Amino acid sequence: MKIRTIAVLVAIAVLISCKTVSSTLYNNNVSSAQKSPKSEKSPSKPAEIAVKLNSDKSEQPGGALSPKWQHGIIDTTAGADYLTGNERDVIIEINMVRTDPAAYARHYLEPLKSFYRGSLFQYPGEIAISTSEGVRALEECVKVLKSSRPSSSVSPKKGLTLAARDHAKDQARTGATGHAGSDGSTITARINRYGKWNISVGENIDYGNSEARRIITALLIDDGIPSRGHRKNLLEAGYSFVGVAVGPHKIYEKMCVIDFAGSYE
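Residues numbered from 1 in each chain as written. Predicted model: local features only at pLDDT ≥ 70, side-chain atom pairs only at ≥ 80, totals over all residues. Heavy atoms only, no water.

Topic: the confidence of the model for the protein
Heads up, the rule is: In predicted models, pLDDT denotes the confidence assigned by the predictor to each residue on a 0 to 100 scale. In what follows, a contact means two residues having at least one pair of non-hydrogen atoms within 4.5 Å.
In this model, the protein carries a mean pLDDT of 81, and residues with pLDDT of at least 70 account for 77%. This stretch, residues 2–30, has a pLDDT under 50; its non-local contacts, to residues over four places away or in other chains, come to 85 contacts. For residues 36–59, every residue scores under 50 in pLDDT, and the model assigns this stretch 72 contacts once sequence neighbours within four places are set aside.

Quick notes on helix 9 (residues 212–221)
Under the convention used in this document: Think of it in three bands: with a 1.4 Å probe and only protein chains considered, a residue is buried below 20% of the maximum accessible area for its type, exposed above 50%, and partly exposed in between. Here a helix means four or more residues in a row that DSSP labels H or I, a strand means two or more in a row labelled E, and each is numbered from the N terminus. N or O atoms closer than or at 3.5 Å make up a polar contact, with two conditions inside protein: a donor-capable atom paired with an acceptor-capable one, and, for residues adjacent in sequence, both atoms drawn from side chains.
Of all 10 residues that make up helix 9, 10 are buried, and the element is covered over most of its length. Along helix 9, the positions that sit buried rather than exposed are Ala212, Arg213, Arg214, Ile215, Ile216, Thr217, Ala218, Leu219, Leu220 and Ile221. The N-cap of helix 9, judged by a side-chain oxygen 3.1 Å from the amide nitrogen of Arg213 a few residues on, is Glu211. Following helix 9 by one or two positions, Asp222 has its phi on the positive side, about 55 degrees.

Let's talk about the pairing of strand 10 (residues 253–264)
Remember that side chains alternate between the two faces of the sheet whenever the strand is regular. Note the cut-off: Strand pairing is assigned whenever DSSP detects at least two bridges linking the two strands.
With 10 of 12 residues buried, strand 10 is to be regarded as a mostly interior element. As paired strands, strand 8 (residues 197–207) and strand 10 are joined by nine bridges and run antiparallel to one another. Across the sheet, residue Gly202 finds its bridge partner in strand 10, namely Phe260. Across nine bridges, the pairing between strand 9 (residues 241–249) and strand 10 is antiparallel. Note that in strand 10 the partner of Pro248 across the bridge is Lys254. Hairpin connection between strand 9 and strand 10: a loop of three residues separates the two successive antiparallel strands.

Focus on helix 4 (residues 85–99)
Worth spelling out the cut-off: The span expected for a helix works out to 1.5 Å for each residue beyond the first.
Spanning 15 residues, helix 4 covers 21 Å between terminal C-alpha atoms, matching the ideal 21 Å at 1.5 Å per step. Most of helix 4 sits inside the fold, with 11 of its 15 residues counted as buried. Regarding helix 4, the residues found buried are Glu87, Val90, Ile91, Ile92, Glu93, Ile94, Asn95, Met96, Val97, Arg98 and Thr99.

Notes on the environment of Ser182
Relative to the helices and strands, Ser182 is located in the loop between helix 7 (158–174) and helix 8 (187–191). Ignoring sequence-local partners within four residues, the contact set of Ser182 consists of Asp170, Arg173 and Thr174. Within the structure, the side chain of Ser182 is placed 2.6 Å from the side chain of Asp170, a separation counted as a polar contact. Among the polar contacts listed, one links the side chain of Ser182 to the side chain of Arg173, at a separation of 3.2 Å.

Some words on the nonpolar core
For clarity, the threshold we go by: In plain words, nonpolar cores are sets of buried Ala, Val, Leu, Ile, Met, Phe, Trp, Tyr and Cys residues tied together by side-chain atoms within 4.5 Å.
Counting residues in hydrophobic clusters, the biggest one holds 43 residues, and the most contacted among them are Val90, Ile94, Leu109, Ile216 and Ile258. Looking at this core, the elements that each hand over two or more residues are helix 4, helix 5 (101–109), helix 6 (135–147), helix 9, helix 10 (229–235), strand 9 and strand 10. Ignoring any residue separated from it by four or fewer positions in sequence, one finds Ile94 in contact with Val154, Ile216, Leu234, Val242, Ile258 and Phe260.

Side note on the pattern of salt bridges
Test applied: Criterion for a salt bridge: a side-chain nitrogen of Lys or Arg within 4 Å of a carboxyl oxygen of Asp or Glu.
Taken as a whole, this structure holds 11 salt bridges when the rule is applied. In this structure, Glu140 and Arg228 form a salt bridge, with 3.1 Å as the shortest nitrogen-oxygen distance. Of this pair, Glu140 sits in helix 6 while Arg228 sits in the loop between helix 9 and helix 10, placing them 88 residues apart in sequence. Judged by its relative accessible area of 27%, Glu140 is partly exposed.

What about the packing of helix 5 against helix 9?
What counts here: Think of each axis as a best-fit line through the C-alpha atoms, taken over the contacting stretch in the case of a helix, with angles from 0 to 180 degrees between the N-to-C directions. Orientation labels follow simple angle bins: below 35 degrees gives roughly parallel, above 145 gives roughly antiparallel, 65 to 115 gives roughly perpendicular, and whatever is left gives oblique. Here a crossing is called left-handed whenever its near helix is offset anticlockwise from the far helix by less than a right angle, and right-handed whenever the offset is clockwise.
Relative to each other, helix 5 and helix 9 sit at 110 degrees, their axes nearing to 12 Å. By the angle class used here, helix 5 and helix 9 are roughly perpendicular. You can see that helix 5 and helix 9 cross each other, and the crossing is left-handed. Contacts from Tyr104, Tyr108 and Leu109 in helix 5 reach Arg213, Ile216, Thr217, Leu220 and Ile221 in helix 9.

As structure tokens, then:
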């Protein structure tokens, strides 16, 4: 069995990217990043691929799985022609988590338990991946989601999307990770280039995935991240708006930046 280890990389992610972003009012949000190693091109080496936690988009309409997943509820991207298809899918996936976290846990997280063997996760047909916490992180995530109150959907804002794209383009060029831009910019500085945020703000970054469900599921499980900062941002009821950028990365091949705000004008 071929196995790869990501524990060291996860530890690095904690060191470089978990920090608190202050709100203008009272709500402080942890912003953090998740990453998976870049794919190896050489056929003589194990392929270093992102965790495929559940890429299956059910054939059933969302509303058949949860009454809260009606198209008009989870798809808030109408008129946002600046978004790519992947970016729209990420927003829809976020809204599925927010509007019915328990259903999301049942349909998309619990089935993954059978793919764990101790600390190893192996999606069918994929290379086994060494995790930091094994199935415990998944089980803890399922428990939290099942007890979480539903919150409202988030809607895209062009300014937040442009801020996310600035950071994604910067790291595509530099190969850097984390929330600091190569020009020294912070999350709030980038967001304020295109508007003004208020109430609360946060940022999640995933490295190594390009498909929406893989991005969001990995951020929810938050393996190896003690604060579970990604999950908290995804569930934060104080957020109303979101910007998403999915693009290439110099080291990890793919990345996704998600910027949240409670208010944005």
